[in-house]
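What follows is each chain in one-letter form.
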Amino acid sequence: MNLIDKLAVLADAAKYDASCASSGAAGRRSSAQAGVGSTTGMGICHSYAPDGRCISLLKLLLTNFCLYDCQYCVNRRSSDVPRARFAIDEVVRLTLDFYRRNYIEGLFLSSGIIRSPDYTMEQVVAVARSLREDHDFRGYIHLKTIPAADERLIALAGRYADRLSVNLELPSDASLSALAPEKSSHAAKQTMARIHVARRQDRERRRDARGALARKDVAPVFASAGQSTQLVVGADRSTDAAFLTTASGLYAAYDLKRVYYSAFSPIPSPSPRLLPDAPPLVREHRLYQADWLMRFYGYDAAEIVATLPEGNLDLDVDPKLGWALAHRAFFPVDVNAAPREALLRIPGIGVRNVKRIVATRRRRRLRYADLATMRCDLTKARAFVVTADWRPPHADVATPTLRKALVPARQASLW
Amino acid sequence: MVSAHDAFTAWRAESRRLLRAGIPPHAAPWDAWAGVGGLWSDPAPAAGADDAPSTPVASISPQALDLFRLVSAHRDPSRHARMYGALWRMTHGERGLLDDAADADVIALTRMAKAVSRARHKMTAFVRFRRVGTEAGERWIAVFEPEHDVLALTAPFFVRRFATMDWTLVTPDGCARWDRRRLALFAVADAPPAPSEDAAESLWLTYYTSIFNPARLNVATMEREMPRAYWKLLPEAAVIPALVVAARDARPPTLAPIAAAPAPGRGMQRAAAARHCAVAPADDSTRDDGTASDDLPFPDKSRLDGCRRCPLGGRATQGVPGEGPPNARVMLVGEQPGDEEDLAGRPFVGPAGKLLRRAIAEAGGDATTVYITNAVKHFSFELRGKRRIHKTPAQREIEACRLWLEAEIEQVRPVQIVALGATALAATLGRRVRVGEARGTALRHGSGAGVTATYHPSAVLRAPDEARKRELYAALVGDLRRALGAGGED
């Protein structure tokens, strides 16, 4: 098979992995003497596909041959898709050729499991090693870490890669054993734990070395952009409560940078054991919003989950508004007096505007028009905020009525 | 000739002159500056008219300086006047103007700066180099049309990234060339001929086509993030229309109806509860029903990893088996793995473990000759924010795990068992006894082994004051000394 055909097969096989982030890496640059590439910590999306998703990295599988038979996966053993395998050098050359033309920030390499987890991991690591050592590549590298791969290989992977990830795919043991019999949550979690411990040790070593060694003597930061994982949404009946509870546990235990939620897409020659739905894109979006609330707005998974009667997020209402509607007594919040944590709970006001509000109210009292000038979403916020010249008249409005008025399709009919 | 950067310097000089002369914004002659900017436009009207180098007349914050520098690259002809208006206010009693995020001038300038930053960012993203082989070696040339006048602001990014390449950026405002030694800015008139193709582009289009997921077609988001204005210079844009049409025409693959996925929500928990005894078999011969009450196999790593006799197994990273010689005479039993032990998969590797080893050494023992394990083999915790906080295991969790402990005792056959803390004591004896009361009394496990009750090393670490800490530690060392002695005598 020629290179272009392999590329078609192995990019197609990689497209169900949602992650394409290229952010968070330690700053690097090339110099006139050596090296190609740089990272700034800020990711760059070099293109967008017609699915609206960012193309930042060359996202490939080294091979889509696989020993496993995970039912949700297009590359499972029993799937009837064309198979291909790159030589190590082919991936290296593609990465460099694309990078020099400014198509990409770097490489995201994953692989089907061939022969054994260790063998597979060795091949993946060999690509990263060649890029870093043979070609002095200073762009971004994200390596998929194969669960159950040897600790030594994970250590090597972390040395070459900016980001490592281990995909848990499903939020519970029951789901995994039903759909991915060769996978286990504890193998994935143990690998995450190893990466977490290795990063922590690296930080400690670096701290101890400060002053004692010149900066250049310290080896590259172990996986400086941290680790992430992916959960597949809608392949089975796992609830959003299960996804969010699992995600918050992973954030706490292994200091994950991101949990990606990937709406399950119809795949060629699907397993009969899967749900027949189209990709649940709205649900995926709501999960990301809830995840955002956990990471940046100070919400616990438990308090979000507690507002979900069926265990699933409301598709019509974003989870922040959902929480607000379930906690009417918490509101209205006075933007001129409330602490930051309370401001963060107001629907329609985001982290950045909370910062603006806090800075501005040191100078003067905020009025309703100020929130409009800052472009707060007042269709949502107005029922929940107090300003110098505004008190919401909605205290007596029943929650279902308020909800109806706030759902975008029926916007503002109440007032 | 004025580059964007120079345009900023010129604006700065002119605004200093105006400030010094006390000319308020409405009287400032910025209309004449409408054409300034663009890398190679005519000289700014005032440039050189003032005494150069111009001297400061007032101080403004570094944030304001950065803001002006960005806004200066905006293509809006009113930018100079707007910047001067804000500068006037900052130097006339409103030094902290930028903190007022709801002020109309601040908002207008911030928005312009944001637009420039975005144009700069999009330039770092959407520039596409084509390779040209020449006798002198290879050159890389990109033609690009930035939304604002950001070439000079953005060229250093490409220097840092492609320092070993000889590259040229060609924009309608001017060109930038890096020849691997220095960066030169020059006029469009001197631009090299643009290459019409590149050897890698067919691979790139193949990649772009294959990484697209037609089931998630979302043209609006693509166009918002990659505006059409940029398309004519992006090679991959050529295939977009065909991809969109094909995705709209394609019917999603028909999927067969669901069969064997797990039941939802509470149903799933019930199902799990019904199977709460299930132990994932390490091999086919391993019993997996847990119904027999008295003979589980030895709890090795894989058996514990798969153990779902209680809910802890599903939440923890892994099972933490005991460690030590398989025929050790003394077995130490702790409560449960903590955060560190859960991550490492080994018992007593955290702070309590360190203290325990010190206590063993002080008691005259050798930590490598004793068998160290826990009453509960998985980490029990509750989430508090972004941390996992130790939570004392529940009685049923201790019960569920007791058979594993029994299997360990059965296999190791210690002479002495040291129960560290209440949970270990309850698990070893099969009944609740207070550690304070049990210490120093003669206790025996069903296997005949002596049982020494003592404090858990964590109790020492958590002691409220130094005196209590010393007291508990001394008690722990004393109890260990007796147990190790008894274990050695037999």
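Residues numbered from 1 in each chain as written. Chains lettered and ligands numbered in written order. Predicted model: local features only at pLDDT ≥ 70, side-chain atom pairs only at ≥ 80, totals over all residues. Heavy atoms only, no water.

Concerning the overall build of chain A
Check the secondary structure of chain A and you find 15 helices and 10 strands. Taken across its 415 residues, chain A has 59% of its residues classed as buried. Contacts spanning at least 24 positions in sequence make up 68% of the contacts within chain A whose residues lie at least 6 apart. As presented, chain A carries roughly 16100 Å² of accessible surface, and 52% of it is formed by carbon and sulfur atoms. (Helix = DSSP H or I, 4+ residues; strand = E, 2+ residues; numbered from the N terminus. Buried < 20%, exposed > 50% of the residue type's maximum accessible area, 1.4 Å probe, protein only. Contact = heavy atoms within 4.5 Å. Areas by Shrake-Rupley, 256 points an atom, 1.4 Å probe, with all protein chains shown as cover.)

Observations concerning the side chain of A:Ser110
With respect to the element layout, A:Ser110 can be found in strand β4 (residues 106–110). The class for A:Ser110 is buried, based on a relative accessible area of 13%.

Observations regarding the sheet that holds strand β8 (residues 258–263) of chain A
Residue and element names in this part refer to chain A. With parallel pairing, the 6 strands of this open sheet are ordered in space as β3-β4-β5-β6-β7-β8. Each of the sheet's edge strands pairs with one partner strand only, and the pair in question is β3 (57–61) and β8. On average, each strand axis in the sheet is inclined to that of its neighbour by 20 degrees, with strand direction left out of account. With 2 bridges connecting them, strand β6 (residues 163–165) and strand β7 (residues 227–233) associate as parallel partners. Paired with Leu 164 across the two strands is Gln 227, which belongs to β7. In the packing of helix α7 (residues 240–254) onto the sheet, the strands contacted are β7 and β8, and the crossing angle to β8 comes to about 155 degrees. (Pairing = 2+ DSSP bridges. Axes fitted to C-alpha atoms, helices over the stretch in contact; angles between N-to-C directions.)

Quick word on the nonpolar core
Formed by 194 residues in total, the largest nonpolar core has its most connected members in A:Tyr261 and B:Trp167. Take this core: its biggest share by element is 9 residues, from helix α4 (residues 104–126) of chain B. Counting only domains with at least three residues in this core, you end up with domain 1 (3–217) and domain 2 (325–410) of chain A. With 54 residues, the next largest nonpolar core counts B:Cys401, B:Ile409, B:Ala427 and B:Leu443 among its residues. (Core = buried A, V, L, I, M, F, W, Y, C linked by side-chain atoms within 4.5 Å. Domains from an automatic or database assignment.)

Some details on a positive patch on the surface
A contiguous patch of positive charge, built from A:Arg352, A:Lys355, A:Arg375, B:Arg111 and B:Lys114, is present on the exposed surface. Breaking the positive patch down by element, the ones donating at least two residues are α12 (351–361) of chain A together with α4 of chain B. (Patch = residues over 30% accessible without salt bridge, like charges linked within 9 Å, V, L, I, M, F, W, Y side chains within 5 Å. Salt bridge = Lys/Arg side-chain N within 4 Å of Asp/Glu carboxyl O. Lys, Arg positive; Asp, Glu negative; His and termini not counted. Charge placed at Lys NZ, Arg CZ, Asp CG, Glu CD.)

Digging into empty space enclosed by the protein
All names here are of chain B. Applying the stated criterion across every chain yields a total of 2 cavities of 30 Å³ or more. In this model, the largest cavity occupies a volume close to 60 Å³. Forming the boundary of the largest cavity are Cys 307, Arg 309, Cys 310, Leu 312, Val 376, Lys 377, His 378, Glu 397, Ala 400, Cys 401 and Trp 404. For the lining of the largest cavity, the element with the highest residue contribution is helix α14 (residues 395–412), accounting for 4 residues. Of the residues in the lining of the largest cavity, the class split is 7 nonpolar, 1 polar and 3 charged. In this structure, the second largest cavity occupies an estimated 50 Å³ of space. The wall of the second largest cavity is formed by Phe 144, Glu 145, Ala 229, Tyr 230, Lys 232 and Leu 233. (1 Å grid on protein atoms, 1.4 Å probe; cavity = no way out; pocket = protein on both sides within 12 Å on 5 of 7 lines; lining within 4 Å. Points joined across faces, edges and corners; volume = space filled by probe spheres on them. Nonpolar A, V, L, I, M, F, W, Y, C, P; charged D, E, K, R; others polar.)

So, the pattern of salt bridges
Side chains that differ in charge, positive against negative, can pair when their charged atoms come close. A complete count under the given rule lists 62 salt bridges over all chains for this structure. Between A:Glu133 and A:Arg129 there is a salt bridge; the shortest N-O distance is 3.3 Å. Of this pair, A:Glu133 and A:Arg129 are both found in helix α3 (residues 117–134), 4 residues apart, which corresponds to roughly one turn of the helix. By relative accessible area, A:Arg129 is classed as partly exposed at 30%. Between B:Lys301 and B:Asp305 there is a salt bridge, with the nearest N and O atoms lying 3.0 Å from each other.

Observations concerning the domain arrangement of chain A
Here the domain parsing of chain A yields domain 1 (3–217) and domain 2 (325–410). Each of domain 1 of chain A and domain 2 of chain A was reduced to a C-alpha centroid, and the two centroids are 42 Å apart.

Looking at the environment of A:Asp370
For A:Asp370, the location among the structural elements is in helix α13 (residues 368–373). A residue is classified by how much of its surface remains accessible, and A:Asp370, at 10% relative accessible area, is buried. C-alpha separation for the pair A:Asp370 and A:Thr360, spaced 10 residues apart in sequence, amounts to 9.6 Å. Look past the residues within four positions of A:Asp370 in its chain and what remains in contact with it is A:Arg364, A:Arg365 and B:Ala102.

Some details on the packing of α3(A) against helix α4 (residues 151–160) of chain A
Residues and elements named next belong to chain A. Two elements in contact, α3 and α4, have axes separated by 9 Å at closest approach and are oriented at 25 degrees. Classified by the angle their axes make, α3 and α4 are roughly parallel. In this structure, the crossing between α3 and α4 has a hand that is left-handed. Counting all contacts with α3, which are made through Asp 118, Met 121, Glu 122, Val 125, Ala 128, Arg 129, Arg 132 and Glu 133, the residues of α4 involved are Arg 152, Leu 153, Leu 156, Ala 157, Arg 159 and Tyr 160. (Parallel < 35°, antiparallel > 145°, perpendicular 65-115°, else oblique. Left-handed = near helix turned anticlockwise from the far one by under 90°.)

Here's the deal with the interface of chain A and chain B
With 92 residues of chain A at the contact, the number on the chain B side is 87 residues. Both sides together, the interface formed by chain A and chain B hides about 7500 Å², and carbon and sulfur atoms give 60% of it. Across the chain A-chain B interface, the total number found is 6 salt bridges. A salt bridge links B:Asp198 to A:Arg101, with the nearest nitrogen and oxygen atoms 2.4 Å apart. Inspection of the region where chain A meets chain B yields 37 residue pairs in polar contact (both at pLDDT 80 or more). For the side of chain A that touches chain B, the class distribution of residues is 44 nonpolar, 23 polar and 25 charged. (Buried area = accessible area lost by both parts, 1.4 Å probe. Polar contact = N/O pair within 3.5 Å; in protein donor to acceptor, adjacent residues only side chain to side chain.)

Observations regarding the sheet that holds strand β10 (residues 416–420) of chain B
All names here are of chain B. Read from one edge to the other, the open sheet built from 5 strands follows the order β7-β6-β10-β12-β11, with strand pairing classed as mixed. Looking at which strands have only one partner, the edges of the open sheet turn out to be β7 (371–374) and β11 (443–444). The sheet contacts of helix α15 (residues 421–429) involve β6 (330–334), β10, β11 and β12 (450–454), and relative to β10 the element is tilted by about 140 degrees.

A look at the pairing of strand β1 (residues 130–134) of chain B
Residue and element names in this part refer to chain B. Summarising the sheet, β1 and strand β2 (residues 137–143) pair through 5 bridges and their orientation is antiparallel. Looking at β2, one finds that Val 132 is bridged to Arg 139. The hairpin turn running from β1 into β2, its antiparallel successor, is 2 residues long.

Considerations on a nonpolar patch on the surface
Side chains of A:Trp292, A:Phe296 and A:Val351 sit close together on the surface and give an oily, nonpolar patch of about 260 Å² of accessible area. Owing to a relative accessible area of 39%, A:Phe296 belongs among the partly exposed residues under this scheme.

Points about the packing of aromatic side chains
Within the structure shown, the criterion is met by 29 aromatic pairs over all chains. An aromatic cluster of at least three residues, connected via ring pairs, comprises A:Tyr99, A:Phe137, B:Phe129, B:Phe157, B:Phe158, B:Phe162 and B:Trp167. Lying over the aromatic face of B:Phe381, B:Arg315 brings its terminal NZ or CZ to 4.3 Å of the ring centre. (Phe/Tyr/Trp six-rings, centres within 6.5 Å; stacked < 30°, edge-to-face > 60°. Lys NZ or Arg CZ within 6 Å of the ring centre and 35° of its normal.)

Topic: unusual backbone geometry
Phi is mostly negative for residues that are not glycine, and the peptide bonds are mostly trans. Look at the link from A:Phe331 to A:Pro332: it is a cis peptide, with omega at 0 degrees. One can find A:Pro332 in the loop between α10 (319–326) and β9 (333–334). Phi is positive for A:Ala148, close to 75 degrees, though the residue is something other than glycine. Along the chain, A:Ala148 falls in the loop between β5 (140–144) and α4. Take A:Ala148: its relative accessible area is 51%, and that puts it in the exposed class. Backbone geometry places B:Phe348, a non-glycine residue, at a positive phi of 50 degrees. By the element assignment, B:Phe348 lies in the loop between α12 (339–344) and α13 (351–362). The exposure class of B:Phe348 is buried, given its relative accessible area of 5%.

Here we look at the packing of helix α2 (residues 62–71) of chain B against α4(B)
All names here are of chain B. Between α2 and α4, whose axes approach to 8 Å, the crossing angle comes to 65 degrees. Between α2 and α4 lies a crossing whose hand is left-handed. Mapping the contact onto sequence places Leu 67, Phe 68, Leu 70 and Val 71 in α2 and Leu 109, Thr 110, Met 112, Ala 113, Val 116, Ser 117 and Arg 120 in α4.

Concerning the state of the cysteines
Residue and element names in this part refer to chain A. Overall, the coordinates contain 1 disulfide over all chains when judged by the stated rule. Residue Cys 45 pairs covalently with Cys 54 via a disulfide, S to S 2.5 Å. Between Cys 45 and Cys 54 the sulfur-sulfur dihedral comes to about -95 degrees; the bridge is accordingly left-handed. This cysteine, Cys 73, is not joined by any disulfide, and Cys 70 carries the nearest cysteine sulfur, 6.2 Å off. When its relative accessible area of 25% is taken as the criterion, Cys 73 is described as partly exposed. (Disulfide = S-S within 2.5 Å.)

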